Amino acid sequence: MDVLSDVLAVMRTGRARSALVAWQAPWAQAFAPVPGAAGFHVMLRGSCVLLRDGAEPVRLAEGDVVFRAHGDGHTLADTPGTRPVAPACAPDPVGGPPPRAGTGGTVTLCGAYELDPDLVHPLVQDLPDLIHVPAGSDPRLAAVVDHLAAELTRPGPGSDALIPALLDTMLVHLLRGCLGGRHRTGWAAALADPVIAAALHAMHREPGRNWTVAGLAATGGLSRAPFARRFTGLLGRPPLTYLTWWRMTMAAGLLRRTDLTVGAVAGRVGYGSEFAFAAAFKRRFGMPPGRYRRRSGGADQDLGW
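All values derive from a computational prediction rather than experimental measurement.

**Here we look at the overall build of the chain**
Line of reasoning, step 1. Along the chain, the regular secondary structure elements total twelve helices and ten strands.
Line of reasoning, step 2. Counting only residues that meet the buried cut, the chain has 46% of its 305 residues in that class.
Line of reasoning, step 3. At a minimum sequence separation of 6, the contacts of the chain that also span at least 24 residues come to 73%.
Line of reasoning, step 4. Accessible surface computed for the chain: about 14400 Å², of which carbon and sulfur atoms make up 53%.

And the structure:
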């Protein structure tokens, strides 16, 4: 897998939750913070403002997409002066009847992607708390939004399978857009740097390989010392520190989602010894792998740790 696909596969959990909502002015709806989730709004019809404490209102027009990478709380409203009167939203479910909005009504798709709090990648932690993609600024994202709107308002055979797939596709395009800008540090800069990107792809492609700093540097055609400085300068941690973090993140995902034994998981992430793996895992998560699996509702078996 490439790095972004790998990150999404590990930290995503469950299906995207979404709901189609029709609003008639005056209206305002608060959205509480949701730890362990990334929220989104798609303006399918009409316009509104997004309000946050201590920030200027963000005006949203038809076709705009807003992504809240950290699940922070906010309010949508027809005007900045309208205040919410209800504590929670009661939207129509996706795939149900199309919303009934009269002339001038606003229709939004609101939803969230569930992320495993233990496994949220620094790539996502690097993102700003609000990402606003104006209508038409990303043609591929706009095509997905148009297809999604059509399925939601005119569902047909297979819509229950297609809508989650389109929501997942929308997430990939949102993250691609965030990583495609010009950044001097962080994950966007690292993935745009051919030397560091080559090393990251190598680690993600073969996490169980016995990597050294020199071996990782060689994937990008650079010598050991300048590579280590460049990697650490961009990502804030040395290459092997990141590799260990990623191995433990992968291991936690395997423990939660598969019935592999602890020994098999250890082997997948580059540990020939279960003792060494269990010690490294406990340093990261504060408990042995077997207890972590049982706590998280993973496969229940005699794990030995």
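Still more ground to cover, so stick around.
**Quick look at the nonpolar core**
Line of reasoning, step 1. In terms of nonpolar packing, the biggest core is built from 80 residues, with F67, M170, L200 and F277 touching the most fellow members.
Line of reasoning, step 2. Examining the composition of this core, we find that ten residues originate from one element, helix α9 (residues 239–257), more than from any other.
Line of reasoning, step 3. In contact with F67, other than residues within four places in its own chain, are A38, G39, F40, Y113, L127, D129, L130, I131, L171, L174 and L175.
Line of reasoning, step 4. Counting residues in each nonpolar core, the second largest holds 13 residues, with V21, W27, M43 and L76 among its members.

**Let's talk about the pairing of strand β9 (residues 106–114)**
A regular strand carries its side chains on alternate faces of the sheet.
Line of reasoning, step 1. The buried fraction of β9 is high, at eight of nine residues.
Line of reasoning, step 2. Of the pairings in the sheet, the one linking strand β1 (residues 17–23) to β9 comprises seven bridges and is antiparallel in character. The partner of L20 across the bridge, within β9, is L109.
Line of reasoning, step 3. Where strand β3 (residues 37–45) meets β9, eight bridges bridge the pair, whose relative direction is antiparallel. Across the sheet, the residue bridging to H41 is C110, located in β9.

**Observations concerning the pattern of salt bridges**
Line of reasoning, step 1. Tallied over the full model, the rule gives nine salt bridges.
Line of reasoning, step 2. A salt bridge links R295 to D118; its shortest N-O distance comes to 3.0 Å. You can see R295 sitting in helix α12 (residues 289–295) and its partner D118 sitting in the loop between β9 and α2 (122–125), a full 177 residues away along the chain.
Line of reasoning, step 3. Among the residues examined, D118 registers a relative accessible area of 26% and is labelled partly exposed.
Line of reasoning, step 4. One salt bridge connects R230 with D193, and the closest N-O pair in it is separated by 2.9 Å.

**Focus: the packing of helix α6 (residues 194–205) against helix α8 (residues 224–235)**
Two measures define how a pair of helices packs: the angle their axes make with one another and the distance between the axes.
Line of reasoning, step 1. Between α6 and α8, the shortest axis-to-axis distance is 10 Å and the interhelical angle comes to 85°. On the basis of their axis angle, the class for α6 and α8 is roughly perpendicular. The residues of α8 that touch α6, namely those facing V195, I196, A199, L200 and M203, are F227, R230, F231, L234 and L235.
Line of reasoning, step 2. When its residues are assigned to classes, the contact of α6 with α8 shows nine nonpolar, no polar and one charged.

**Considering unusual backbone geometry**
Line of reasoning, step 1. At the junction of A25 and P26, the peptide bond is cis and its omega measures out at -5° in the coordinates.
Line of reasoning, step 2. Within the fold, P26 resides in the loop between β1 and β2 (28–31).

**A closer look at the side chain of T75**
Line of reasoning, step 1. Tracing the chain through its elements places T75 in strand β7 (residues 74–77).
Line of reasoning, step 2. The buried category is assigned to T75, whose relative accessible area is 13%.
Line of reasoning, step 3. Filtering out sequence-adjacent residues up to four positions away, T75 remains in contact with A28, Q29, A30, V49, L50, L51 and P84.

**Structural notes on the sheet that holds strand β5 (residues 58–60)**
Line of reasoning, step 1. The strand order β2-β7-β4-β5 describes an open sheet built from four strands, whose pairing is antiparallel. What marks the edges here is a single partner per strand, and that holds for β2 and β5. Here the average twist between neighbouring strands, direction ignored, is 20°.

**So, helix α11 (residues 274–285)**
Line of reasoning, step 1. For α11, spanning twelve residues, the distance from its first C-alpha to its last is 16 Å, which sits close to the expected 16 Å at 1.5 Å a residue.
Line of reasoning, step 2. For α11, the complete set of buried residues consists of F277, A278, A280, F281 and F285. Seen end-on, α11 carries its buried residues on one side only, within an arc spanning 165°. In α11, the exposed positions angled more than 90 degrees off the buried face are occupied by F275 and R283.
Line of reasoning, step 3. Elements in contact with the buried residues of α11: α9, α10 (262–268) and α12.
Line of reasoning, step 4. Taking the backbone nitrogen of F275 as reference, a side-chain oxygen 3.1 Å away marks S273 as the first, capping residue of α11.

**A look at the confidence of the model for the chain**
Line of reasoning, step 1. Confidence in the prediction of the chain, expressed as mean pLDDT, is 86, and 90% of residues score 70 or more.
Line of reasoning, step 2. Here strand β8 (residues 92–93) is the element of the chain with the lowest mean pLDDT, 38, and helix α7 (residues 213–219) is the one with the highest, 97.
Line of reasoning, step 3. The model gives residues 88–103 a pLDDT under 50, and that stretch makes 32 contacts with residues more than four places away or in other chains.
Line of reasoning, step 4. When the criterion is pLDDT under 50, residues 299–305 qualifies, and its contacts beyond four places in sequence or with other chains add up to 22 contacts.

Parameters at a glance
Residues numbered from 1 in each chain as written. Predicted model: local features only at pLDDT ≥ 70, side-chain atom pairs only at ≥ 80, totals over all residues. Heavy atoms only, no water. Helix = DSSP H or I, 4+ residues; strand = E, 2+ residues; numbered from the N terminus. Buried < 20%, exposed > 50% of the residue type's maximum accessible area, 1.4 Å probe, protein only. Contact = heavy atoms within 4.5 Å. Areas by Shrake-Rupley, 256 points an atom, 1.4 Å probe, with all protein chains shown as cover. Core = buried A, V, L, I, M, F, W, Y, C linked by side-chain atoms within 4.5 Å. Pairing = 2+ DSSP bridges. Salt bridge = Lys/Arg side-chain N within 4 Å of Asp/Glu carboxyl O. Axes fitted to C-alpha atoms, helices over the stretch in contact; angles between N-to-C directions. Parallel < 35°, antiparallel > 145°, perpendicular 65-115°, else oblique. Nonpolar A, V, L, I, M, F, W, Y, C, P; charged D, E, K, R; others polar. Expected span 1.5 Å × (residues − 1). Arc of directions from axis to C-beta. Polar contact = N/O pair within 3.5 Å; in protein donor to acceptor, adjacent residues only side chain to side chain. pLDDT = per-residue confidence, 0-100.

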